[in-house]
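Here is what each chain is made of, one letter per residue.
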Amino acid sequence: PKAPAADSDEVGFARDMSIHHEQAVAMAALVYDRSDNDAVRSLAFDILTTQQGQIGIMTGWLDAWGLPLTSAGPRMGWMGMPMTGLMPGMATAEQMATLRAATGIEADTLFLQLMIPHHRSGMEMAQYIADRTRIESVRRFTAGMAAAQGLEITYMEELLKGIGAEPPPADAGSHNHG
């Protein structure tokens with residue numbers, strides 16, 4: 001099949017989701033080192049390894065398509081919501097600093113409260129492509145990513161309840177378009 005255009009949804013997704021995933025990998029690595037909770041550590045390890053692997057796959061697409069890994073254009077333009085700065089669901093520099101400083105149950109709580117909206121927005125991005133792409137391998141990959149992140153959100157909400165903490169608001173991380 002012929003490679004998608006440089007300004008296609010698939011290319012925009014691969015670039016933006018790689019950046020989105022890099023932050024999730026960083027958050028997971030931080031909590032993995034700071035948590036005493038086996039369930040949280042196990043989840044963090046899963047997120048870290050899965051999303052690092054997915055970055056590799058998306059980088060591989062861009063290489064195969066002969067396109068650079070980044071573009072000068074605004075993020076999220078492919079989703080009809082061009083923006084500068086942080087994409088939806090991403091933690092701010094302040095939130096990342098707070099997570100770096102946290103330990104134990106405080107780190108667990110903050111990680112889960114930040115990762116749920118992060119996953120919500122990642123899920124919306126992945127589903128958007130899964131619903132639109134004509135490239136079957138991309139469709140399977142993004143549909144699988146959306147489904148897996150949905151399951152992890154439910155699990156993270158249960159983990160938060162288990163440690164007596166509140167889940168983030170239902171719309172946190174949502175792109176709220178449409």
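My aim in this report is to walk through the structure given alongside it, one point at a time. Bear in mind that the values here come from a model prediction, so they are computed numbers and not experimental data.

Thresholds applied
- Residues numbered from 1 in each chain as written.
- Predicted model: local features only at pLDDT ≥ 70, side-chain atom pairs only at ≥ 80, totals over all residues.
- Heavy atoms only, no water.
- Helix = DSSP H or I, 4+ residues; strand = E, 2+ residues; numbered from the N terminus.
- Rg over C-alpha atoms; globule rule 2.2 N^0.38 Å.
- Buried < 20%, exposed > 50% of the residue type's maximum accessible area, 1.4 Å probe, protein only.
- Contact = heavy atoms within 4.5 Å.
- Areas by Shrake-Rupley, 256 points an atom, 1.4 Å probe, with all protein chains shown as cover.
- Phe/Tyr/Trp six-rings, centres within 6.5 Å; stacked < 30°, edge-to-face > 60°.
- Lys NZ or Arg CZ within 6 Å of the ring centre and 35° of its normal.

With respect to the overall build of the chain
Okay, step 1: A count of helices and strands for the chain gives five helices and zero strands.
Okay, step 2: When the helices and strands of the chain are placed in sequence order, the string is α-α-α-α-α.
Okay, step 3: Its C-alpha radius of gyration of 16 Å places the chain within 12% of the 16 Å reference for a compact globule of 178 residues.
Okay, step 4: Across its three principal directions, the C-alpha atoms of the chain cover 50 × 30 × 25 Å.
Okay, step 5: Taking all 178 residues of the chain together, 48% fall into the buried category.
Okay, step 6: Across the chain, the fraction of contacts at a sequence separation of at least 24, relative to all contacts at a separation of at least 6, is 79%.
Okay, step 7: In the structure as shown, the chain presents an accessible area of about 8,600 Å², 55% of it carried by carbon and sulfur atoms.

As for the packing of aromatic side chains
Okay, step 1: Within this structure, the stated rule accounts for five aromatic pairs.
Okay, step 2: Measuring from ring centre to ring centre gives 4.9 Å for Trp-61 and Phe-141, while their planes differ by 70°; the resulting arrangement is edge-to-face. Here Trp-61 is found in helix α2 (residues 38-64), whereas its partner Phe-141 is found in helix α5 (residues 136-162), with 80 residues between them in sequence. Here Trp-61 and Phe-141 have matching classes, each one buried.
Okay, step 3: Ring pairs connect the aromatic residues Phe-13, Trp-78 and Tyr-128, which therefore count as one cluster.
Okay, step 4: The lysine or arginine in question, Arg-41, covers the ring of Tyr-32, its NZ or CZ lying 4.0 Å from the ring centre.
Okay, step 5: Between the NZ or CZ atom of Arg-132 and the centre of the ring of Tyr-128, over which it lies, the distance is 3.6 Å.

Thoughts on the environment of Ala-44
Okay, step 1: Here Ala-44 lies in helix α2.
Okay, step 2: Placed twelve residues apart in sequence, Ala-44 and Tyr-32 show a C-alpha to C-alpha distance of 5.8 Å.
Okay, step 3: Setting aside its immediate chain neighbours within four residues, Ala-44 contacts Ala-28, Val-31, Tyr-32 and Phe-111.

Keep in mind these numbers describe shape, not what the thing actually does.
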